[in-house]
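If you want the building blocks of each chain, they are given just below.
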Amino acid sequence: MDKLHYSDENDKCYGLAGMAITLAVCDARELLTGMDIDAPAGESVAMAPDFYLRGNPRMPAKYVWTRTLGHFRLAVELVLGNLMCRRYVRDRKGLARETADSLRALVRQDAAEHCALETDEADRLFEEAYDLADRIFRHSGVHDIAHEFAEMIAGRRSLDAVEIFDFLARRGLS
């Protein structure tokens with residue numbers, strides 16, 4: 001999955017823009033604590049502890065599973081938002097079919113392991129997340145927001161969640 005790696009800092013800025021926009025659209029602001037362009041690989045997006053918490057034995061199993069599935073869905077949406085912002089907005093291209101197919105295979109594997117989903121359920125989750133990200137990042141108004149966000153994070157280097165969502169709210173993504 002070399003296509004997931006950032007080609008340069010500008011690519012990374014657009015990936016973070018895609019994730020911030022996706023979090024705003026999915027109304028998951030409370031799960032982000034900040035973004036840092038200089039953080040080590042895999043740590044540029046800081047999520048709240050709630051995003052990772054699996055629950056405890058005192059919580060009903062259905063609640064834990066539902067929450068885990070919701071966070072898994074959001075993680076898939078974030079990956080697709082990251083990639084589609086980089087491809088649609090930065091590169092002005094579509095997402096290559098082979099990249100989408102590779103991601104679908106990863107989602108199937110992780111969905112089975114972490115959420116006990118069957119292949120058809122994982123495929124449905126992937127398609128819904130793909131369709132959402134596709135609608136978001138094909139919208140020309142989102143392109144302007146993504147360009148501004150990428151420029152802002154490149155200059156500021158790090159942003160906390162309040163700064164991110166204030167910026168997006170001022171541009172109509174609230």
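Everything that follows concerns the structure shown earlier in this document.
Conventions used here
Residues numbered from 1 in each chain as written. Predicted model: local features only at pLDDT ≥ 70, side-chain atom pairs only at ≥ 80, totals over all residues. Heavy atoms only, no water. Pairing = 2+ DSSP bridges. Helix = DSSP H or I, 4+ residues; strand = E, 2+ residues; numbered from the N terminus. Axes fitted to C-alpha atoms, helices over the stretch in contact; angles between N-to-C directions. Contact = heavy atoms within 4.5 Å. 1 Å grid on protein atoms, 1.4 Å probe; cavity = no way out; pocket = protein on both sides within 12 Å on 5 of 7 lines; lining within 4 Å. Points joined across faces, edges and corners; volume = space filled by probe spheres on them. Nonpolar A, V, L, I, M, F, W, Y, C, P; charged D, E, K, R; others polar. Salt bridge = Lys/Arg side-chain N within 4 Å of Asp/Glu carboxyl O. Buried < 20%, exposed > 50% of the residue type's maximum accessible area, 1.4 Å probe, protein only.

Student: I'm lost on the sheet that holds strand β3 (residues 158-160) in this one. Help?
Tutor: Hydrogen bonds along the backbone pair up the strands of a sheet, which may run parallel or antiparallel. If you walk across this open sheet you meet the three strands as β2-β1-β3, and the pairing is antiparallel. In this open sheet, the two edge strands, each paired with only one partner strand, are β2 (45-47) and β3. Averaged over all pairs of adjacent strands, the angle between their axes in this sheet comes to 15°, without regard to strand direction. Of the pairings in the sheet, the one linking strand β1 (residues 32-36) to β3 comprises three bridges and is antiparallel in character. Across the sheet, Met-35 pairs through a bridge with Leu-159, a residue of β3. On the sheet, helix α1 (residues 9-25) packs against β1 and β2 and is oriented at approximately 165° with respect to β1.

Student: Could you clarify how one ought to interpret the layout of surface pockets in this entry?
Tutor: If a probe the size of a water molecule is rolled over the atoms, the empty space left behind becomes visible. Looking at the largest pocket, its volume works out to about 1100 Å³. Forming the boundary of the largest pocket are 36 residues, of which Met-19, Ala-75, Val-76, Leu-78 and Val-79 lie nearest the centre. Elements supplying a minimum of two residues to the lining of the largest pocket: α1, β2, α2 (49-52), α3 (61-90) and α4 (97-115). Counting residues per element, the lining of the largest pocket draws most heavily on α3, which supplies 13 residues. Residue composition of the lining of the largest pocket, by class: 22 nonpolar, eight polar and six charged.

Student: What am I meant to see in the pattern of salt bridges here?
Tutor: Side chains that carry opposite charge are capable of pairing whenever their charged atoms lie near each other. On inspection of all chains with the given rule, the structure shows 16 salt bridges. Note that Asp-11 is salt-bridged to Arg-86, the shortest N-O span being 3.0 Å. Here Asp-11, found in helix α1, pairs with Arg-86, found in helix α3; they are 75 residues apart in sequence, far enough to count as distant. When its relative accessible area of 1% is taken as the criterion, Arg-86 is described as buried. Judged by relative accessible area, which is 2%, Asp-11 ranks as buried. Through salt bridges with shared partners, a single network forms among Asp-8, Asp-11, Arg-86, Arg-87, Arg-90 and Asp-91.

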